Amino acid sequence: MAKMILSMDGLVLKEITLDKERITIGRKPHNDIQIDNLAISGEHAAVVTILNDSFLEDLNSTNGTLVNGQPVKKHFLRNNDVVELGKYKLKYLNDTPVAAQSPDYEATMVLKPGSIKPMAPETAAAPHSVAPAGPHSVAPTSETGAALKPAAIQILSGGNAGKELPLTKTLTSLGKPGVQVAVIARRPHGYFITHVEGDRFPVLNGMPLDAQAHPLQDHDVIEISGVKMEFFFKP
């Protein structure tokens, strides 16, 4: 299991096991990792862990967050990455091999006009039907778990209605920063959605999600920040 080592000036202060899907870092006492220092914002950053993968998100902190000396807003964490918050350092350790697909994090906010490519003409001519909540068949994989069907999100409402977002990256974020954000993880054995930011949880087939990762199935309907979208497997 992945973990982070908190240190300052070379002195190890604490070891944190990433056994929750969302771990917050900040000065206020309600954070999972509290750093009582004025250089650290009340809610400074968060680490979201989905299966064996983790990514770091800066929560609009005052002094920013560095990874390996570079400022970041969102960063897919790799073994031995060093997160810097003021004088404090968090070393990420994960000896589990990464997934076979590209481990890139794609920060695509679907509510931003122009952020989604238009649907192909043949797709637009035959939009996918919306299926009610209930059991669906999961996309088949090979015996090695490598042959996952390609999938996409079709926007059903709002200014981007009728557009399509291919899910080609390991992690794709959906929503409006500061309001409501969720992440879809592309794994060898399926696609999973996880709540990341906001007081309200995303809605899946009419039912609010919780803090856990939920597998997505063909024609599931997701609602994030008031925008409805449909998850579907591409032929």
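Quick word on the pattern of salt bridges
Reasoning step 1: The tally for this structure, following the rule as stated, stands at five salt bridges.
Reasoning step 2: For the salt bridge of Asp32 with Lys20, the shortest nitrogen-to-oxygen distance reads 2.6 Å. Placement of Asp32 in the loop between strand E3 (22–26) and strand E4 (33–34) and of Lys20 in the loop between strand E2 (11–17) and E3 is noted, with a sequence separation of 12 residues between them.
Reasoning step 3: In this structure, the salt-bridge partner of Lys74 is Glu57, at a minimum N-O distance of 3.6 Å. Separated by 17 residues along the polypeptide, Lys74 in strand E9 (residues 74–76) and Glu57 in strand E6 (residues 53–58) bring together distant segments of the chain.
Reasoning step 4: Given a relative accessible area of 5%, Glu57 falls into the buried group.

Focus on the pairing of E6
Reasoning step 1: Of all six residues in E6, six are buried; the element is thus mostly enclosed.
Reasoning step 2: Side chains Asp53, Phe55 and Glu57 of E6 all project onto a buried face; the interleaved residues Ser54, Leu56 and Asp58 project onto the opposite face, where all are buried too.
Reasoning step 3: The pairing of strand E5 (residues 45–50) with E6 spans six bridges and is classified as antiparallel. Bridging across to E6, Ala45 finds its partner in Asp58.
Reasoning step 4: Relative to E9, E6 is paired through three bridges, and the arrangement is antiparallel. Across the sheet, residue Phe55 finds its bridge partner in E9, namely Phe76.

Description of the confidence of the model for the chain
Caution applies to low-pLDDT regions: their predicted coordinates should not be interpreted in detail.
Reasoning step 1: Averaged over every residue, the pLDDT of the chain is 78; residues scoring 70 or more account for 77%.
Reasoning step 2: Averaged pLDDT values for the elements of the chain fall to 35 in helix H1 (residues 121–125) and rise to 95 in strand E10 (residues 82–85).
Reasoning step 3: Across residues 98–105, confidence stays below pLDDT 50; counting only partners more than four residues off in sequence or on other chains, it has 19 contacts.
Reasoning step 4: In the predicted structure, residues 112–146 sits below a pLDDT of 50 and forms 56 contacts with residues beyond four places in sequence or in another chain.

Observations concerning the packing of aromatic side chains
Reasoning step 1: Taken as a whole and judged by the stated rule, the model has three aromatic pairs.
Reasoning step 2: A centroid spacing of 5.1 Å and a plane angle of 80° characterise the contact between Phe231 and Phe233, whose relative ring orientation is edge-to-face.
Reasoning step 3: With a relative accessible area of 10%, Phe233 lands in the buried category.
Reasoning step 4: These aromatic residues form a ring-pair network of at least three members: Tyr191, Phe231 and Phe233.

Remarks on the sheet that holds E3
In a beta sheet, neighbouring strands are held together by backbone hydrogen bonds and run either parallel or antiparallel to one another.
Reasoning step 1: If you walk across this open sheet you meet the five strands as E4-E3-E5-E6-E9, and the pairing is mixed. The open sheet has two edge strands, E4 and E9, and neither has a second partner.

Observations concerning the nonpolar core
Reasoning step 1: By size, the foremost hydrophobic cluster in this structure holds 21 residues, and its most contacted members are Ile25, Leu56, Val83 and Leu90.
Reasoning step 2: Apart from residues lying up to four places away in sequence, Ile25 is in contact with Asn31, Ile33, Ile35, Glu43, His44, Ala45, Val47, Leu85 and Leu90.
Reasoning step 3: Of all hydrophobic cores here, the second largest spans 20 residues; its members include Ile184, Tyr191, Leu204 and Ile222.

Parameters at a glance
- Residues numbered from 1 in each chain as written.
- Predicted model: local features only at pLDDT ≥ 70, side-chain atom pairs only at ≥ 80, totals over all residues.
- Heavy atoms only, no water.
- Salt bridge = Lys/Arg side-chain N within 4 Å of Asp/Glu carboxyl O.
- Helix = DSSP H or I, 4+ residues; strand = E, 2+ residues; numbered from the N terminus.
- Buried < 20%, exposed > 50% of the residue type's maximum accessible area, 1.4 Å probe, protein only.
- Pairing = 2+ DSSP bridges.
- pLDDT = per-residue confidence, 0-100.
- Contact = heavy atoms within 4.5 Å.
- Phe/Tyr/Trp six-rings, centres within 6.5 Å; stacked < 30°, edge-to-face > 60°.
- Core = buried A, V, L, I, M, F, W, Y, C linked by side-chain atoms within 4.5 Å.

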